[in-house]
Amino acid sequence: MANEVTVINEWGEAYTLDMLRDKKTVENMSAEALHDLAYAIKSLKAPMKNVEEAVKSKLDEGAEIKGISYTNYEKKTVAKPSNKKLRELVLKYGWDVVALKTPKQLQDRFGEDIQKDIEGIVVYETQKRVKYE
C-alpha cells in the first residue's frame, strides 16, 4: 500500500500497520522497541480522538463522508423494577434474576417464559454509532 500509515519512533524506526496487526511481530520486538513504540502510539491517541470527534460532528451536520456513516444501534437494558415486581421475579426465578442486566442474559438463563415477566421493565435506547465501510 503506497499511502499506508506508518508509526516512526524517535530513533527513526518505521512500523507499518501490517507489522502492528501481526501479533507475532509485536511479540518478537525487544523490550526497548516495544517501549518506544508504545510511547509513539500513546502520542497518537489525542489526535485520533480529535479526528473521530470531527467525523461525528460533520455527520451530525449532515455532511457525507465517503465510506463513513452513522448506523443506529438499539440497546436493551432492564430498568430497576419496583420492590413488588422485584419480589415477584425473585420468588419465581431466584436471586440470579437480580444479577443479570440485559434481556438477552435473562432469556438465555431462564428461557422464553421470562419475556412476559420483564416486558414492563425493559428499556430501549437507540444509539448512533459510526460505521466504517
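See above for the structure.
Okay, so let's go over this structure. Quick caveat, the model's predicted, so the values are computed rather than measured.

In summary, soluble globular proteins display a tendency toward joint burial of nonpolar side chains. Counting residues in hydrophobic clusters, the biggest one holds ten residues: L89, V90, Y93, V97, L106, F110, I114, I118, I121 and V122. Among the secondary structure elements, those contributing two or more residues to this core are helix 5 (83–93), helix 7 (103–110) and helix 8 (114–118). Of all the elements, helix 5 adds the most residues to this core, at three residues. Residues in contact with Y93, not counting those within four places in the same chain, are F110, D113, I114 and D117. V7, M29, A33 and L37 belong to the second-largest nonpolar core, a separate cluster that totals six residues.

Between side chains of opposite charge, a pair can form when the charged atoms approach closely. Counted according to the given criterion, the structure contains five salt bridges. Two residues, D60 and K128, come together in a salt bridge whose shortest N-O distance is 3.3 Å. Placement of the pair is D60 in helix 4 (residues 45–60) and K128 in strand 4 (residues 122–132), with a sequence separation of 68 residues. Exposure class is identical for D60 and K128. Each is exposed. With a closest N to O distance of 2.9 Å, D117 and K92 form a salt bridge. Note that D117 is positioned in helix 8 and K92 in helix 5, a separation of 25 residues in sequence. Residue D117 is classed as buried on the basis of its relative accessible area, which comes to 17%. The class for K92 is exposed, based on a relative accessible area of 54%.

Further remarks concern helix 7. Of all the positions in helix 7, only P103, L106 and F110 are classed as buried. Seen along its axis, helix 7 keeps its buried residues to an arc of 65°; they face one direction. Those residues of helix 7 that are exposed and aimed more than 90 degrees away from the buried face are K104 and D108. Residues of helix 7 that are buried sit in contact with strand 3 (68–78), helix 5, helix 6 (96–99), helix 8 and strand 4.

Right, let's get into the packing of aromatic side chains. For the coordinates displayed, the defined rule picks out one aromatic pair. Judged by centre distance (5.0 Å) and plane angle (55°), the rings of Y93 and F110 are tilted. Here the residue Y93 occupies a position in helix 5, and F110 occupies one in helix 7, the gap between them amounting to 17 residues. As far as the burial class goes, Y93 and F110 line up, both buried. Its guanidinium or amino end placed over the ring of Y70, K128 lies 4.4 Å from that ring's centre, counting from NZ or CZ. Just above the ring of Y73 sits the side chain of R129; from NZ or CZ to the centre is 3.8 Å.

Thresholds, definitions, all that
- Residues numbered from 1 in each chain as written.
- Predicted model: local features only at pLDDT ≥ 70, side-chain atom pairs only at ≥ 80, totals over all residues.
- Heavy atoms only, no water.
- Core = buried A, V, L, I, M, F, W, Y, C linked by side-chain atoms within 4.5 Å.
- Buried < 20%, exposed > 50% of the residue type's maximum accessible area, 1.4 Å probe, protein only.
- Helix = DSSP H or I, 4+ residues; strand = E, 2+ residues; numbered from the N terminus.
- Contact = heavy atoms within 4.5 Å.
- Salt bridge = Lys/Arg side-chain N within 4 Å of Asp/Glu carboxyl O.
- Arc of directions from axis to C-beta.
- Phe/Tyr/Trp six-rings, centres within 6.5 Å; stacked < 30°, edge-to-face > 60°.
- Lys NZ or Arg CZ within 6 Å of the ring centre and 35° of its normal.

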